[in-house]
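Per-entry structural report
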Amino acid sequence: MTCSILVGGAWGDEGKGKCITYLCDNDKPDIIARGGVGPNAGHSVEFNGEKYGLRLVPSGFVQTEAKLMIGAGVLVDPEVFYHELEYLSKYKVAERVSIDPRCSIITPEHKERDVKSEYLAKKIGSTGSGCGPANSDRVLRVAKYAKDVPELEDYLLDVSLATNEALDNGEDVFIEGSQGFALSLYYGTYPFVTSKDTTASSFAADVGIGPTRIDEVINVFKSYITRVGEGPFPTEISQEEAEAKGIEEYGVVTGRRRRVGSFDFDLAKESCRINGATQIALTCVDRLYPDCARTQDIQDLSADTREFISQVEQETGVPVTIISTGPDLKDTIDLRDELL
Ligand code: GTP
Ligand code: IMP
Ligand code: MG
């Protein structure tokens, strides 16, 4: 019985999608439960040669034996949910996904308020997915719950009860966080943050699992940092420099060009502390060090790459257990056995 939480270490888009897919395909957890804010997230999943962009349904859907759940803390946009059921029909997601009846609903009006707000859309650079206004209605206690939407009736399940019972029965539960540490409403670069805390403790609460039941917190970092939207970014480099290094990027949800920067050891240290990280997954190592593209054995990494990885471990005090060297699941070095 293991309960693991995967979190983003910086401003989101750390490659959580790939890490979740790898870990779920490899470890085959019985339940994969989504925590986090809501459909402002965009996870990229590449599996069996196909690419998927996901906003709400757990990215672990590729593990076809697993039950998929959306925890009470997550905002549900029924339009996004139905779209993803259709989009992932090949994986029989509709037959195994559940939503907690206490999830708050995003309405078209929330999306309009988000997009039309000068402050949210322009100053903060929100995703326009309605999450901020929906969470504010939730705080004001006027939001609608999933249990109030008749079309969602067939999908309702007490996710807290189901996940805790599964753990009691010796099953494995994997909690997917979304966004990233530096976007946390409490610990991020306020006010340029999202509408909720985005650390491991909140993701556990989103799903309804208490802190004493969590075994592993996997903190995902990309080997360089990206940020979409406005706000401070201490290690930012110019777009020209990013292009020269071949690390320019565009967002999954918004298509916006991402700001790019070098790895931030101070941020990584704080992120590991507040998340209580027990492991680090380091992605896109190949984009920083092209000579290690698709490498599957730690021994084959160049001296520079290994030096960078050990610096990450030294500065954070947390072991790097997963090294991602390419988009394919095979392009992964898994060092978790060495921890045992
Ligand atoms: P999260 O929001 O954290 O889930 O990240 P994301 O999945 O949204 O990341 P993003 O949208 O930036 O997409 C990452 C892209 O890079 C996807 O196409 C992934 O398949 C791919 N990718 C993930 N890990 C690696 C890696 O280690 N190396 C390379 N070259 N590509 C990767
Ligand atoms: P909101 O969450 O849509 O209100 O957006 C607030 C800020 O968080 C903006 O800067 C967004 O770009 C950022 N943000 C929210 N979710 C994500 C995510 O999943 N990845 C990257 N940035 C995000
Ligand atoms: Mg993303």
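Reading the values: the criteria
- Residues numbered from 1 in each chain as written.
- Chains lettered and ligands numbered in written order.
- Predicted model: local features only at pLDDT ≥ 70, side-chain atom pairs only at ≥ 80, totals over all residues.
- Heavy atoms only, no water.
- Donors = N, O, S within 2.8 Å, 3.2 Å for Na, K, Ca; no water.
- Helix = DSSP H or I, 4+ residues; strand = E, 2+ residues; numbered from the N terminus.
- Buried < 20%, exposed > 50% of the residue type's maximum accessible area, 1.4 Å probe, protein only.
- Axes fitted to C-alpha atoms, helices over the stretch in contact; angles between N-to-C directions.
- Parallel < 35°, antiparallel > 145°, perpendicular 65-115°, else oblique.
- Left-handed = near helix turned anticlockwise from the far one by under 90°.
- Contact = heavy atoms within 4.5 Å.
- Near = heavy atom within 4 Å.
- Polar contact = N/O pair within 3.5 Å; in protein donor to acceptor, adjacent residues only side chain to side chain.
- Nonpolar A, V, L, I, M, F, W, Y, C, P; charged D, E, K, R; others polar.
- Areas by Shrake-Rupley, 256 points an atom, 1.4 Å probe, with all protein chains shown as cover.
- Pairing = 2+ DSSP bridges.

For the magnesium ion (ligand 3), the full set of protein donor atoms is Asp-13 (OD) and Gly-42 (O), and the range of their distances to it is 2.0 Å. In this pair, Asp-13 is assigned in the loop between strand 1 (3-8) and helix 1 (16-27) and Gly-42 in the loop between strand 2 (31-34) and strand 3 (43-47), connecting sequence segments 29 residues apart. Take Gly-42: its relative accessible area is 18%, and that puts it in the buried class.

Here the focus is the packing of helix 9 (residues 265-275) against helix 11 (residues 303-316). Interhelical geometry of helix 9 versus helix 11 gives an angle of 50° and a closest axis separation of 9 Å. Considering their axes alone, helix 9 and helix 11 lie oblique with respect to each other. Where helix 9 crosses over helix 11, the handedness of that crossing is right-handed. Within the contact between the two elements, helix 9 uses Phe-265, Ala-268, Lys-269 and Cys-272 and helix 11 uses Phe-308, Gln-311, Val-312, Glu-315 and Thr-316.

The subject of this paragraph is the site of ligand 1. As a matter of local geometry, ligand 1 sits amid 22 residues, with Gly-42, His-43, Arg-258, Cys-284 and Ser-324 nearest to it. With respect to ligand 1, the backbone of Cys-284 contributes an N or O atom lying 2.7 Å from an oxygen atom. Of all the secondary-structure elements, those providing two or more residues to the shell around ligand 1 are helix 1, strand 3 and helix 10 (285-288). A class-by-class count of the residues in the shell around ligand 1 yields three nonpolar, nine polar and 10 charged.

Right, let's get into the site of ligand 2. In the neighbourhood of ligand 2, 16 residues make up the surrounding shell, with Asn-40, Gly-125, Thr-127, Thr-194 and Arg-256 lying closest. Relative to its unbound accessible area of 470 Å², ligand 2 is 96% covered by the protein chains. Across the shell around ligand 2, the residue classes tally to six nonpolar, eight polar and two charged.

In this section: the sheet that holds strand 2. The nine strands are arranged 6-5-2-7-1-8-11-12-13 in an open sheet whose pairing can be described as mixed. Two strands bound the open sheet, and with one partner strand each, they are strand 6 (97-99) and strand 13 (332-334). Strand-to-strand twist of the sheet, defined as the mean angle between neighbouring strand axes without regard to direction, takes the value 20°. Relative to strand 12 (residues 320-324), strand 11 (residues 279-283) is paired through three bridges, and the arrangement is parallel. Bridge pairing in strand 12 places Ile-280 opposite Val-320.

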